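Given next are the chains, with one letter for each unit.
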Amino acid sequence: MHRYEELEKLYYKKKYIKYGTIGSLIFIILIVSYYFFNRDIENKKVVKIKQTENNYTKKVEKKKIIKKVTKKDFEKVKVDKESNLKKEEIKEVAVIQKLVLYPIFPDINELLAKEKAKKEGADKKVVEKENKIKKEQIKEKTLNNNETIKITDNTNKDKKESKKIEIVVKEKKDSLNNLIHFYNITPDYETAIKISKIYLKENNYKEAIEWLKKANKLIPENYESWYLFAKSLVKLGKTKEAKRVLVAYLNNYGANPKIEQLLRSLK
Amino acid sequence: MEAVKELFKDKIDMNLYVPLFQKVEIDLSYGIYEKEKLILIYGEAGNGKSFLMRKIYQTLQEKYEDFEIYFISNPFEEEEELDNLFVLKSDIHRVVFIDEAQTLNEEKIERLRMLADNYPYTLVLATHEKEARKIFMKKHFATRINYSINLQPLNLEKIDLFITSKLIQNDFSNVAVMFKKSNFKLIYKLTKGNLREINRLMYKTFDIIDYFKKHYPHKVSSDKIDNKYIEMAYMDLKGIYA
């Protein structure tokens, strides 16, 4: 073979090596950049998850603290029923009861109407739309009440005042009025349930139902308000309505052993 | 292609001269005409210093009959001729071209300086850049240099001019047309504008093309010069082949 032919072979060989190395380098760079890009995204995700977890734990801790304060202090301290409530505060409570709290439990008539609609083959979407419209109406109503907003604003803005209130709550005795007062300042699901339970113990089912409605408004997915609501309806002799309420819970929020147990006992 | 490659053979043939340094030529001719004492041309090896000196020597011989003109291409080999210069002492103005002046020893350089100082002599010295800095930039010598010309390597445009005009001047315009800008770019990249390197590379390239045209004519394009052959020539010259 002539040296120029060998040279040509060598030339091609060198070209292949050159382009091969360039290609492999580009490939490696792409892989590395892809790896780092993915890692950044994963890190961001982890950070976000951690942040959400932290927020969640903080919320839970806050709730626990509030619970501790309420439970312990109410157990320890014996309160005179009429002693420390001021007249103005009582007025505020009345206003809140009238304006802020609004029942969101399905009325028995509504439930009947829904069942009829289902039987007639109406779409679920229509029902959902109705619910949405109602919720919006509720919001509008609450927003229209300047007084209530003022009260809530005051509670949010003035942390010092809320601290003072907490101290006052600690000092007050465990009475129904105090619980109502506490609820009116900081509306809480647990407090509402507790008040309703007191009414249930006193066999005051109508009042109990009112408080259960309030509790349900705060956390509608919690079964306890539904459960107690159905029980109080049974006590009032409205077993059919109670059944419908329980069925409505199961339809909306899925299976729950206690709800199902109560429903079975009613059949 | 056989005849084409001969154009780029590494030899000094004034018929193949391409005027690449016209400004330098004018400056140098003017300096000689003005009877300046010492003129220094320096630059990297293979930049065309010798070719330029030869060209000016040729033109001076034709133009200025009043001058006695000498050309020493290698002072080391032509020592006798150089020594004769020191003996000849007359009123006639003499122009002495000394190529490869880096081969001069310090004693000779000093005698040349004395000669230029005392007699009507114009000394045109051509040397490599590094040596020029060492020897001729000495204080007592540097002050007597009237012209100092640094010959730069060719740029891309001058490479184009050099190759195409060389081919066209020798009736190879069909080959000159085959060269494209990419070819000149590659030549510039490989030779860095050094004239001697360009000549060597071109000679080898045409040799390779000639071989492939004879044995594998389908591989050689008749419209253009493939960069492959230029790169192959470079590989062969640089011993990458081995």
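Residues numbered from 1 in each chain as written. Chains lettered and ligands numbered in written order. Predicted model: local features only at pLDDT ≥ 70, side-chain atom pairs only at ≥ 80, totals over all residues.

A. Highlighting the overall build of chain A. For chain A, the count of helices and strands is 12 helices and 0 strands. Ordering the α and β elements of chain A from the N terminus gives α-α-α-α-α-α-α-α-α-α-α-α. With 267 residues in all, chain A has 19% of them scored as buried. At a minimum sequence separation of 6, the contacts of chain A that also span at least 24 residues come to 62%. (Helix = DSSP H or I, 4+ residues; strand = E, 2+ residues; numbered from the N terminus. Buried ≥ 20, exposed ≤ 12 C-beta atoms within 10 Å, placed from the backbone. Contact = placed C-beta atoms within 7 Å.)

B. Up close: the nonpolar core. Residue and element names in this part refer to chain B. Among the nonpolar cores identified, the biggest contains 27 residues, and Ile41, Val96, Leu123 and Val124 are the most heavily contacted of them. Sorting the residues of this core by element identifies helix H2 (22-33), strand S1 (38-43), helix H3 (49-63), strand S3 (94-98) and strand S4 (121-128) as the ones contributing at least two each. Discounting chain neighbours no more than four positions away, the residues touching Val96 are Tyr70, Ile72, Leu85, Tyr121, Leu123 and Val124. (Core = buried A, V, L, I, M, F, W, Y, C linked by C-beta atoms within 7 Å.)

C. Up close: the pairing of S1 of chain B. Residue and element names in this part refer to chain B. The element S1 is largely enclosed, with a buried count of 6 among its 6 residues. Residues Leu38, Leu40 and Tyr42 point to one face of S1 and Ile39, Ile41 and Gly43 to the other, with burial holding for every one of them. Summarising the sheet, S1 and S4 pair through 6 bridges and their orientation is parallel. The partner of Ile39 across the bridge, within S4, is Val124. (Pairing = 2+ DSSP bridges.)

D. Local environment of the sheet that holds S1 of chain B. Residue and element names in this part refer to chain B. Read across the open sheet, the 5 strands follow the order S2-S3-S4-S1-S5; overall the sheet is parallel. If you trace the sheet from one side to the other, it starts and ends with strand S2 (68-72) and strand S5 (145-150), each paired once. Neighbour to neighbour, the strand axes of the sheet diverge by 15° on average, direction disregarded. Lying on the sheet, H2 is in contact with S1, S3, S4 and S5; it crosses S5 at an angle near 165°. (Axes fitted to C-alpha atoms, helices over the stretch in contact; angles between N-to-C directions.)

E. Quick peek at the environment of Lys37 of chain B. All names here are of chain B. Inspection of the secondary structure puts Lys37 in the loop between H2 and S1. The class of Lys37 is partly exposed, set by 18 C-beta atoms lying within 10 Å. Distance in space between the C-alpha atoms of Lys37 and Arg144 is 7.3 Å, their sequence separation being 107 residues. Excluding its chain neighbours within four sequence positions, the residues that come into contact with Lys37 are Ala116, Thr122, Leu123, Arg144 and Asn146.

F. Spatial organisation of helix H8 (residues 189-201) of chain A. Residues and elements named next belong to chain A. Between its first and last C-alpha, H8 extends 18 Å over 13 residues, near the 18 Å set by a 1.5 Å rise per residue. Listing the buried residues of H8 in full gives Thr191, Ala192, Ile193, Lys194, Ile195, Ser196 and Tyr199. One or two steps after H8, the chain reaches Asn203, where phi turns positive at roughly 65°. (Expected span 1.5 Å × (residues − 1).)

G. Structural detail: helix H7 (residues 176-185) of chain A. With respect to burial, H7 of chain A is a largely interior element, 9 of its 10 residues being buried. Looking only at H7 of chain A, the buried set comprises Asn177, Asn178, Leu179, Ile180, His181, Phe182, Tyr183, Asn184 and Ile185 of chain A.

H. Quick peek at the confidence of the model for chain A. Residue and element names in this part refer to chain A. The predicted model of chain A averages 75 in pLDDT, with 64% of residues at 70 or higher. This model gives residues 95-103 a pLDDT under 50, and the stretch forms 18 contacts once residues within four places in sequence are excluded. In the predicted structure, residues 145-155 sits below a pLDDT of 50 and forms 15 contacts with residues beyond four places in sequence or in another chain. (pLDDT = per-residue confidence, 0-100.)

I. Examining the packing of H8 of chain A against helix H10 (residues 223-235) of chain A more closely. Residues and elements named next belong to chain A. Look at H8 against H10: their axes get within 11 Å of each other, and the N-to-C directions meet at 20°. Considering their axes alone, H8 and H10 lie roughly parallel with respect to each other. The element H8 and its partner H10 pack so that their crossing is left-handed. Across from Ile193, Ser196 and Leu200 in H8, the residues of H10 making contact are Glu224, Ser225, Leu228 and Ser232. The residue makeup of the contact of H8 with H10, split by class, is 3 nonpolar, 3 polar and 1 charged. (Parallel < 35°, antiparallel > 145°, perpendicular 65-115°, else oblique. Left-handed = near helix turned anticlockwise from the far one by under 90°. Nonpolar A, V, L, I, M, F, W, Y, C, P; charged D, E, K, R; others polar.)

J. Quick look at the interface of chain B and chain A. Listed as interface residues are 8 residues of chain B and, on the opposing side, 7 residues of chain A. Looking at the side of chain B that touches chain A, the elements with two or more residues in it are helix H11 (195-215) and helix H12 (227-237) of chain B. Considering only residue class, the side of chain B that touches chain A consists of 5 nonpolar, no polar and 3 charged.

K. Molecular detail of the packing of H2 of chain B against H3 of chain B. All names here are of chain B. One way to put it is that H2 packs onto H3 with a least axis distance of 11 Å and a crossing angle of 50°. Classified by the interaxial angle, the pair formed by H2 and H3 is oblique. Pair H2 / H3 crosses with right-handed handedness. Of the residues in H3, those touching H2 at Val24, Glu25, Leu28, Ser29 and Ile32 are Leu52, Lys55, Ile56 and Leu60.

L. The arrangement of unusual backbone geometry in detail. The phi dihedral of Asn203 of chain A falls on the positive side, at around 65°, and the residue is not glycine. Within the chain, Lys35 of chain B stands out as a residue other than glycine whose phi angle is a positive 55°. Inspection of the secondary structure assignment puts Lys35 of chain B in the loop between H2 and S1.

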